[in-house]
Amino acid sequence: MKTLVLVVCILVSIPASVFADTFSDYLSTAERRGKGLVTTYFGAGSYVKSFKQVPGGAFKLDAVSKEGESLSLFMLGDFETLIYGQMITPHIADKAQAGGLPVLEQIAERNKKRISLRKKTTEFVAKYSAGTAAALLNDDNFEKDTTEPPAAHLATPQSQSEEESDNVILDKVRGLQHVQLGEGNRELFLFMDLNCPACQQELPHLIEMSESRSVSIKVIPVAFVKPQDSTDKAIHLLSETNSKARIDRLKLLAQRKSFSQLVSDNKSVVNIKAAQSLQQNNKVFNSLPNIATPYFVANTSYGLITRALVSEAKVEQLIDAITPIAAQTMQSDGPAVSTNADDI
């Protein structure tokens, strides 16, 4: 027995020394990539003041933007996902989005290979089975493979000349499949990824406001944060045609659990009509400026407001500013966002 104990001690002591060096390299790599993400999303001149690991395998970054704004950020253990407040940046799969940073270029190249491999896999599965939602969205009948993450917009807003008129944007958004909360005469649209932590946190508050205030909140599901799982969740939601049942599904799916953990019967994810609706939701969402979730669209007294909001107080201010539907027909096109709306 004594010999056995001695052998065990030797086996444990050797990897411990190796692990120390490996873990040190791991932290150095994480810090370099964290600094690269800050530069990419907040521009050259932004910098990181402090960097540390936090429970759960994530990293806390205290940074300063090029405009001098203090930023409290988190980077997930994939070294690619940056959380600002509770908004999540999309993964990059194009070197053009890497800002010339070698580390991010390597990440983009790796993601590009992953997307290509995933596409080939889903095409293979589609030939021999009913397939999954992701396989449906790779079908040749669709214009675009939405399993590929959308381009990062945080640091590259559209110019005024590229923006569409308020009415054109509203018409596009109003035509999308959604879940309606409330029957009020103020219309608020919310693009929501069912895997977005901020969206999940905001949903109970939105449901409460739809019941207590004169507002109709139209929740438009998109696949943005976790493209494949978010796709399965969104198609399962949109495959339900009954309004009340859709609300129940929305509450069920907006949790920090995977689709397979929440739904045992996955037949709905091969619903072609629902997949087409999600395809259109994603297309319109990706065409909007500065996308992140939760993303709100509303016609207000300041003009059309299109932006991500994570503050309950800001959302309430936005609702207060919404022009009632009956009065909107009297308005003419104006700038996409009035400068008087900056407080929202």
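Structure: see above.
Residues numbered from 1 in each chain as written. Predicted model: local features only at pLDDT ≥ 70, side-chain atom pairs only at ≥ 80, totals over all residues. Heavy atoms only, no water.

1. Some remarks on the packing of aromatic side chains
- Enumeration according to the criterion identifies seven aromatic pairs in this entry.
- Ring geometry for Phe-51 versus Phe-59: centroids 5.3 Å apart, planes at 20°, classification stacked.
- Given a relative accessible area of 18%, Phe-51 falls into the buried group.
- One aromatic cluster is present, formed by Tyr-26, Phe-51, Phe-59 and Phe-79 through successive ring pairs.
- If you follow Lys-60 out to its NZ or CZ, it ends over the ring of Phe-74, 5.7 Å from the centre. (Phe/Tyr/Trp six-rings, centres within 6.5 Å; stacked < 30°, edge-to-face > 60°. Buried < 20%, exposed > 50% of the residue type's maximum accessible area, 1.4 Å probe, protein only. Lys NZ or Arg CZ within 6 Å of the ring centre and 35° of its normal.)

2. What about unusual backbone geometry?
- At the junction of Thr-293 and Pro-294, the peptide bond is cis and its omega measures out at 0° in the coordinates.
- Along the polypeptide, Pro-294 turns up in the loop between helix 9 (272-286) and strand 9 (295-300). (Helix = DSSP H or I, 4+ residues; strand = E, 2+ residues; numbered from the N terminus.)

3. Details of the pattern of salt bridges
- In total, this model carries seven salt bridges according to the counting rule given.
- Close ionic contact of Lys-218 with Glu-187 constitutes a salt bridge, the shortest N to O distance being 2.7 Å. Of this pair, Lys-218 sits in strand 8 (residues 215-221) while Glu-187 sits in strand 7 (residues 186-192); the two residues are 31 residues apart in sequence, bridging distant segments of the chain. Each member of the pair, Lys-218 as well as Glu-187, is classed as buried. (Salt bridge = Lys/Arg side-chain N within 4 Å of Asp/Glu carboxyl O.)

4. Remarks on a negative patch on the surface
- Where like charges cluster on the molecular surface, the negative patch consists of Glu-208, Glu-211, Glu-312 and Glu-316.
- Put simply, the parts of the chain that give the negative patch at least two residues each are helix 5 (197-212) and helix 10 (312-321).
- For Glu-316, a relative accessible area of 31% translates into the label partly exposed. (Patch = residues over 30% accessible without salt bridge, like charges linked within 9 Å, V, L, I, M, F, W, Y side chains within 5 Å. Areas by Shrake-Rupley, 256 points an atom, 1.4 Å probe, with all protein chains shown as cover. Lys, Arg positive; Asp, Glu negative; His and termini not counted. Charge placed at Lys NZ, Arg CZ, Asp CG, Glu CD.)

5. A closer look at the packing of helix 6 (residues 227-238) against helix 9
- Across the interface, helix 6 lies against helix 9 with an axial gap of 8 Å and an inter-helix angle of 120°. If you check the angle between helix 6 and helix 9, you find them oblique. Judged by the sense of rotation from one axis to the other, the crossing of helix 6 with helix 9 is right-handed. Residues Thr-231, Ala-234, Ile-235 and Leu-238 of helix 6 touch helix 9, and the partners they reach there are Ala-274, Ala-275, Ser-277, Leu-278 and Asn-281.
- For the contact of helix 6 with helix 9, a count of residues per class yields six nonpolar, three polar and no charged. (Axes fitted to C-alpha atoms, helices over the stretch in contact; angles between N-to-C directions. Parallel < 35°, antiparallel > 145°, perpendicular 65-115°, else oblique. Left-handed = near helix turned anticlockwise from the far one by under 90°. Contact = heavy atoms within 4.5 Å. Nonpolar A, V, L, I, M, F, W, Y, C, P; charged D, E, K, R; others polar.)

6. Re helix 7 (residues 243-253)
- If you check which residues of helix 7 are buried, you get Arg-246, Leu-250 and Leu-253. Down the axis of helix 7, the buried set is contained in an arc of 80°. They therefore lie on one face.
- Structurally, helix 7 contributes buried residues whose contacts are with strand 6 (179-181), strand 7, helix 5, strand 8, helix 6 and helix 8 (259-262).
- Where helix 7 begins, one side-chain oxygen reaches toward the backbone nitrogen of Lys-244, 3.1 Å away; that side chain belongs to Asn-242. (Arc of directions from axis to C-beta. Polar contact = N/O pair within 3.5 Å; in protein donor to acceptor, adjacent residues only side chain to side chain.)

7. A few points about the sheet that holds strand 8
- The strand order across the open sheet built from five strands is 6-8-7-9-10, with neighbouring strands paired in mixed fashion. Looking at strand neighbours, the two that pair on one side only are strand 6 and strand 10 (303-308), the edges of this open sheet. Averaged over neighbouring strand pairs, the angle between their axes works out to 20° when direction is ignored.
- Across three bridges, strand 6 lies against strand 8 in antiparallel orientation. By the bridge assignment for strand 8, Gln-180 is matched with Lys-218.
- Strands in contact with helix 4 (residues 166-174) are strand 7, strand 8, strand 9 and strand 10; relative to strand 7, the strand with the most contacts, it is inclined by about 70°.
- Across the sheet, helix 7 is in contact with strand 6, strand 7 and strand 8; its angle to strand 6 comes to roughly 95°. (Pairing = 2+ DSSP bridges.)

Nothing here speaks to function; it is all geometry.
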